[in-house]
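Overview (structure and organization)
So you can see what is in the structure, the chains are spelled out below.
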Amino acid sequence: MRTIRNILLLLAVLPFLPSCEEEGMDVRDLEIPDNYALSAGTSTLFVNSSYAYDSPADWLSGTYESRFIRGDKLYDDIRTSSNGHGGGLGPVYAGYSCGSCHRNAGRTKPALWSEKGSGSYGFSAMLVYITRKNGAFFPDYGRVLHDQAIYGVQPEGKLRTSLRCETFSFPDGETYELCVPGYEITEWYADSIAPEDLFCTVRIPLRHVGMGQMMALDQAEIETLAARSNYPEYGISGRCNYITERGVKSLGLSGNKAQHADLTVELGFSSDMGVTNSRYPEEICEGQSQMQGGSMMGLSYDQLDISTEDMENVDLYMQGLGVPARRNVNDPTVKRGEEMFYQAKCHLCHVTTLHTRPRGSTLLNGTGLPWLGGQTVHPYSDFLLHDMGSEIMGVGLNDNYVSGLARGNEWRTTPLWGIGLQEKVNGHTYFLHDGRARNLLEAIMWHGGEGEASKNLFRQMPREDRDALIAFLHSL
Ligand code: HEC
Ligand code: HEC
C-alpha cells in the first residue's frame, strides 16, 4: 500500500525536479503548500544561529522597538540594584533573571543530568514544585523551592536528583534507554521535612518560540478542537484547561499543563526571582522564620521591585520575538519524515496549522499588538491537555501534580516549532517537562496514554522511516 503511494508520489514529483534544478528555481514553492512556508506569518524570521529564538520580528518599529529592547534587557537583568535597571532579587530565589533559566529565550541546560540537582554552583535552571503528600503547601516554603539566596540568607533547600534507567528495543532490534528522575531535597533551611510527607515535581524551562502567536490565538479554534478532535480509533481526545483568577475565567495556554492564561511575567518575577510587583507585592519568603521582624538585610516592603510598565516591556519583548523559519524543507529525508509524522498521527495532537484572531494580542496593561492578528501559524500543537499515561517504567508521564483542571498524567501538547534549533540555541537536547529525554527519540518513546497508539505506529516503522521522522523534527 505504502509502496504504491510512494511510487505515485515519485511520479508526481519527478517531472518537476529536473526543470527546477535547470532553471535554478526555489523548489519550495512547488513542493510545499504556500501556508507551510512561513511558520508564523509576518513574524517568521530567517535566522539559523544561536539567536534564532531571541531576535525581534520585523514588524517592531519606533516605540515598540525601543520598548522591546528595554524588555529584553530587563529579561536578562540579574536584578542587583547597582546596574541601573533595578534590584530586588531574592532574598531567596530559583533563578537570578528570566534569562538565567530561559537562556537566549530558550531552555537553559538543566542540571538534572550533569550536576544531579542544584549542583556545585547551586543553580539548576529548573523549577521545583513542593507540597505535602496531601497536596497542601508548606506554610514556611510556599509552592516553589528556592534553592538560591542572596548573600547572608539561606536557600530554602537544595535539590538532589537520581536517575533510574531501563533498556528497551524496537521490533527491528535497535535499542534505546529511558530514565526516570527521582528527587530528594537536602539542606532545608529550617525544619527538615520528612521525606514521607514531601511531594516534589520538577520542570525544565520552556522555549519562548511563538509566545506572541500563542497569546494571539483564536481561542474559539482551540475550544472547537477540544470539542471535535476526538479520535477514538487512536484513543485521542484533548481538553482545555481553564483558569479562574480575580473572578475572570480564561483559557489556559502557557505552561506544561496549560495552567496559565498569560506569559506569567508578574508571577515569574515574584515566584521565581523574589522581585515584588503590583500583582505580587509580598516577598515570597514573607513569614519564613529567617525573615522574622521584616528587617532581614534591611529589606523594605514599601517599594515594589519592578514597575508595571517595565513588566509590560518584558511581555512585549516575549511577544515581539520572531519565530524561526523551518530549514531543509526540500531535503528528501525531511520530506519523507514529514509524511511519517502524519502516518504516525503525531499531527492529531501536534496540530500543524492554527490561526490568530483578527485583532492580535494584548499586553499586560492593555497595549494592543495588531501585527499578531489574522495570521496563519504552524505551532505543531493543539495547546490542549492529553493524558500521557503512567505505565512506562511504572510512572510514565505522570507526576501526580494537579494544575487547575490538569491532572497528574495530563500535559499540554508541547509546541514543536523551533525544536530543531534547541541544540544550537542552548547546547543540549533535553526534552519533556522534566528533561528526562536526552534526545528526540527518547521524547517520542515516553509518549503513553493518548499518545500510545501514535508512539506504537512510530515504533513499528522501519528504522529508516523513524530516522526520517526525526530528521523532520530537526527541520522545525
Ligand atoms: C528558575 C528558572 C526560571 C526563571 C527564573 C523563569 N522561568 Fe519561566 N519557566 C521556567 C519553567 C521551569 C517553566 C515551565 C513551568 C511549568 O510548566 O510548570 C517556565 C515557563 C515559562 C513560560 C511559559 C512558556 C510556554 O511555552 O508556555 C513563560 C512565558 C515564562 N516561563 C516566562 C518567564 C519570565 C517572563 C520570567 C522572568 C520574569 C521567567 N519565565 C523566569 C523556568 C524559569
Ligand atoms: C496524544 C497527543 C500526542 C500525540 C499523538 C503525540 N504527542 Fe508529542 N507530546 C504530547 C504532549 C502532551 C507532550 C508533552 C509531554 C511532557 O512534556 O511530558 C509531547 C511532547 C513531545 C516532544 C517533546 C517536546 C519538547 O520540547 O520537550 C516531542 C519531540 C514530541 N512530542 C514528538 C511527537 C511525535 C514525533 C509524535 C508522533 C510519533 C507525537 N509527539 C505524538 C502530545 C502528543
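Rules and cut-offs
- Residues numbered from 1 in each chain as written.
- Chains lettered and ligands numbered in written order.
- Predicted model: local features only at pLDDT ≥ 70, side-chain atom pairs only at ≥ 80, totals over all residues.
- Heavy atoms only, no water.
- Helix = DSSP H or I, 4+ residues; strand = E, 2+ residues; numbered from the N terminus.
- Expected span 1.5 Å × (residues − 1).
- Buried < 20%, exposed > 50% of the residue type's maximum accessible area, 1.4 Å probe, protein only.
- Phe/Tyr/Trp six-rings, centres within 6.5 Å; stacked < 30°, edge-to-face > 60°.
- Lys NZ or Arg CZ within 6 Å of the ring centre and 35° of its normal.
- Near = heavy atom within 4 Å.
- Polar contact = N/O pair within 3.5 Å; in protein donor to acceptor, adjacent residues only side chain to side chain.
- 1 Å grid on protein atoms, 1.4 Å probe; cavity = no way out; pocket = protein on both sides within 12 Å on 5 of 7 lines; lining within 4 Å.
- Sits in = over half its atoms within 2 Å of the grid points.
- Core = buried A, V, L, I, M, F, W, Y, C linked by side-chain atoms within 4.5 Å.
- Contact = heavy atoms within 4.5 Å.
- pLDDT = per-residue confidence, 0-100.
- Donors = N, O, S within 2.8 Å, 3.2 Å for Na, K, Ca; no water.
- Tetrahedral: all angles 85-135°; square planar, octahedral: opposite > 155°, others 65-115°.

**A look at helix α16 (residues 463-474)**
Here α16 contains 12 residues, and its C-alpha end-to-end distance of 17 Å stays within 8% of the 16 Å for a straight helix at 1.5 Å per residue. Turning to α16, its buried residues are Asp 465, Arg 466, Ala 468, Leu 469, Ile 470, Phe 472 and Leu 473.

**Topic: the packing of aromatic side chains**
For any pair of aromatic rings, the description rests on two quantities: the centre-to-centre distance and the angle between the ring planes. Evaluation of the coordinates by the stated rule reveals 18 aromatic pairs. Aromatic pair Tyr 64 and Trp 371: ring centres 4.8 Å apart, planes at 75°, arrangement edge-to-face. Of this pair, Tyr 64 sits in helix α5 (residues 62-76) while Trp 371 sits in the loop between β15 (368-369) and β16 (376-377), placing them 307 residues apart in sequence. Seen from their ring centres, Phe 341 and Phe 472 are 5.1 Å apart, and the 55° between their planes marks the pair as tilted. Separated by 131 residues along the polypeptide, Phe 341 in helix α12 (residues 332-343) and Phe 472 in helix α16 bring together distant segments of the chain. Members of the aromatic cluster, joined through ring pairs, are Phe 138, Tyr 141, Trp 188 and Tyr 189. The ring of Phe 170 carries the charged tip of Arg 466 above its face, separated from the ring centre by 3.6 Å.

**Quick look at the site of ligand 1**
In the vicinity of ligand 1 there are 30 residues, among which Cys 98, Cys 101, His 102, Tyr 129 and Asn 256 approach most closely. Here Arg 203 contributes a side-chain N or O atom positioned 3.3 Å from an oxygen atom of ligand 1. Within the side chain of Gln 259, an N or O atom sits 3.0 Å from an oxygen atom of ligand 1. Counting atoms within 2 Å of the grid points, the majority share of ligand 1 lands in the largest cavity. At the level of secondary structure, the elements contributing two or more residues to the shell around ligand 1 comprise α6 (98-101), β3 (127-132), α8 (211-216) and α10 (265-273).

**Notes on the nonpolar core**
One finds Phe 269, Met 318 and Leu 354 to be the most contacted residues of the largest nonpolar core, which totals 49 residues. When contributions to this core are tallied by element, the ones reaching two or more residues are α5, α8, α9 (219-228), α10 and α11 (308-319). The leading source of residues in this core is α11, at five residues. With near-sequence residues (within four places) excluded, Met 318 lies in contact with Tyr 75, His 208, Met 211, Gly 212, Leu 263 and Val 265. Of all hydrophobic cores here, the second largest spans 33 residues; its members include Val 180, Phe 431, Ile 470 and Phe 472.

**Notes on the confidence of the model for the protein**
Averaged over every residue, the pLDDT of the protein is 88; residues scoring 70 or more account for 87%. With pLDDT under 50 throughout, residues 1-35 is counted as low confidence; its partners more than four residues away or in other chains account for 28 contacts. Confidence drops under a pLDDT of 50 for residues 294-298, and excluding neighbours within four residues, the segment shows nine contacts in the predicted structure.

**Some thoughts on α12**
Helix length check: α12 (12 residues) gives 16 Å between terminal C-alpha atoms against 16 Å at 1.5 Å per residue, within 8%. Those residues of α12 that sit buried are Val 334, Gly 337, Glu 338, Glu 339, Met 340 and Phe 341. Two residues or fewer after α12 comes Lys 345, characterised by a positive phi angle close to 65°.

**Some remarks on the side chain of Thr 276**
The topology assignment puts Thr 276 in the loop between α10 and α11. Apart from residues lying up to four places away in sequence, Thr 276 is in contact with Pro 281, Glu 282, Glu 283, Gln 303, Leu 304, Asp 305 and Ile 306.

**Let's talk about the side chain of Asn 104**
By the element assignment, Asn 104 lies in the loop between α6 and α7 (111-114). What makes Asn 104 buried here is its relative accessible area of 16%. In this structure the side chain of Asn 104 is engaged in a polar contact, spanning 3.3 Å, whose partner is the backbone oxygen of Val 425.

**A short note on the coordination of the iron atom of ligand 2**
Only His 350 (NE2) and His 447 (NE2) from the protein coordinate the iron atom of ligand 2, and they sit 2.0 Å from it. Here the iron atom of ligand 2 binds six donor atoms, and the angle range of 88 to 179° at the metal identifies the geometry as octahedral. Of this pair, His 350 sits in the loop between α12 and β13 (354-355) while His 447 sits in the loop between α14 (440-445) and α15 (452-459), and the two are 97 residues apart along the sequence.

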